[in-house]
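Working through the structure, step by step
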Amino acid sequence: DPNVARVHVELGNVAFWNDRDWITARAHFDRAVALGPGDPWVQSSLANYWSSLGHHDDALWRYERAVSIDSRNPSVRIAMVIGQFLARRFEATVASCNEIMALDPSYSEAQRWKGLALRQLGDFNAALAACDAAVRQSTAHAWAVASLAMVQAVAGREDKAKAGAQELIMRFASKPVSPVAIALVFAHLDETDEAFRWLEVASESRDPWLVMMRTDACFDPVRYDPRFGDLIEIVGIPEWT
């Protein structure tokens, strides 16, 4: 049945996150929106696409619409949180995370993104507390460990950040761990060559989060290295209007 919105969403997600095919992804997301405008996942999926390209106003409008459709769903709300973070609206990110935790205090992703946003706002103590809570609530999910290590690295706790990186590397040998997560810890430790070594691993393994590297503030420590521009070309993030 070619008229099922969620089918087009999933085909779009494969094209976007895995195949790095923005043209095909856009076609599927647009079709999904035409078929199911009242589906929050349809709206959020197109919003993710716009966030990757830096079209943040368009993205946030979609995220907000998704939340208006299903306002009590933490997963729908966390998508908007990520969009706010990518748009560098860090105070709004913190506020949205607090709203999610009012609905579900155990939702670790809200703690994690709150911590990353507080790190960008320079409140390292609060950022450490939030990321530490994310590690505990997620039973040490790899991205939670990486986020805590990133904050530790810039908060003067380099030894703990390095220990976090080594923990993730040990896990990587036998468990699914995002190479981007490892790379970003080294980036925050100013170990740029090691960061790009892991970004190369991420590119070869098609780590999905690379599609957000143009807009994610966590990449800022390596953003002005010439290798960063080369990697954007390899990933194929277009400069579209």
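All told, the structure shown has 13 salt bridges when counted by the stated rule. The salt bridge involving Asp220 is made with Arg88; its shortest N-O contact spans 2.8 Å. Of this pair, Asp220 sits in the loop between α12 (192–204) and α13 (226–235) while Arg88 is found in the loop between α5 (74–86) and α6 (90–103), placing the two residues 132 residues apart along the sequence. Residue classification places Arg88 among the partly exposed residues on the basis of a relative accessible area of 37%.

What follows concerns unusual backbone geometry. Look at Ala140: it is not a glycine, yet its phi comes out positive at around 65°. Look at Arg206: it is not a glycine, yet its phi comes out positive at around 55°. Along the chain, the position of Arg206 falls in the loop between α12 and α13. Its relative accessible area of 36% is what places Arg206 among the partly exposed residues.

Right, let's talk about the packing of aromatic side chains for a bit. For the structure on display, the rule yields twelve aromatic pairs. When the ring of Phe16 is compared with that of Tyr49, the centres are 6.1 Å apart and the planes differ by 50°; the resulting orientation is tilted. Taken as a pair, Phe16 in helix α1 (residues 5–18) and Tyr49 in helix α3 (residues 40–53) lie far apart in primary sequence, 33 residues in all. Accessibility expressed as a relative area gives 0% for Tyr49, which makes it buried. Between Phe29 and Tyr49 the ring centres are 6.2 Å apart and the planes differ by 75°, which places this aromatic pair in the edge-to-face class. Within this pair, whereas Phe29 is found in helix α2 (residues 22–35), its partner Tyr49 is found in helix α3, the two being separated by 20 residues in sequence. Residue Phe29 shares its accessibility class with Tyr49, and that shared class is buried.

With that settled, consider helix α4 (residues 56–69). Along an α-helix, residues three or four apart share an orientation, since each turn contains 3.6 residues. Helix length check: α4, at 14 residues, gives a terminal C-alpha distance of 20 Å against a target of 20 Å (1.5 Å per residue), a fit within 8%. What α4 keeps buried is the set His56, Ala59, Leu60, Arg62, Tyr63, Ala66 and Val67. Axial view of α4: buried residues confined to an arc of 160°, hence all on one face. Exposed residues lying more than 90 degrees from the buried face of α4 are Asp57 and Ser68. Next to the buried residues of α4 lie α2, α3 and α5.

Let us now look at the packing of α5 against α6. Taken N-terminus to C-terminus, the directions of α5 and α6 make an angle of 165°; their axes are 8 Å apart at the nearest point. When the axes of α5 and α6 are compared, the pair comes out roughly antiparallel. Once α5 is placed against α6, the crossing between them reads as left-handed. Residue-level contacts link Pro74, Arg77, Ile78, Met80, Val81, Gln84 and Phe85 of α5 to Phe90, Ala92, Thr93, Ser96, Cys97, Glu99, Ile100 and Leu103 of α6.

Now for the nonpolar core. Within the largest apolar cluster, 87 residues are counted, with the highest numbers of intra-cluster contacts made by Tyr49, Trp113, Trp209 and Met213. Here this core gets ten residues from one element, more than from any other, and that element is helix α9 (residues 142–154).

About the cut-offs
Residues numbered from 1 in each chain as written. Predicted model: local features only at pLDDT ≥ 70, side-chain atom pairs only at ≥ 80, totals over all residues. Heavy atoms only, no water. Salt bridge = Lys/Arg side-chain N within 4 Å of Asp/Glu carboxyl O. Helix = DSSP H or I, 4+ residues; strand = E, 2+ residues; numbered from the N terminus. Buried < 20%, exposed > 50% of the residue type's maximum accessible area, 1.4 Å probe, protein only. Phe/Tyr/Trp six-rings, centres within 6.5 Å; stacked < 30°, edge-to-face > 60°. Expected span 1.5 Å × (residues − 1). Arc of directions from axis to C-beta. Contact = heavy atoms within 4.5 Å. Axes fitted to C-alpha atoms, helices over the stretch in contact; angles between N-to-C directions. Parallel < 35°, antiparallel > 145°, perpendicular 65-115°, else oblique. Left-handed = near helix turned anticlockwise from the far one by under 90°. Core = buried A, V, L, I, M, F, W, Y, C linked by side-chain atoms within 4.5 Å.

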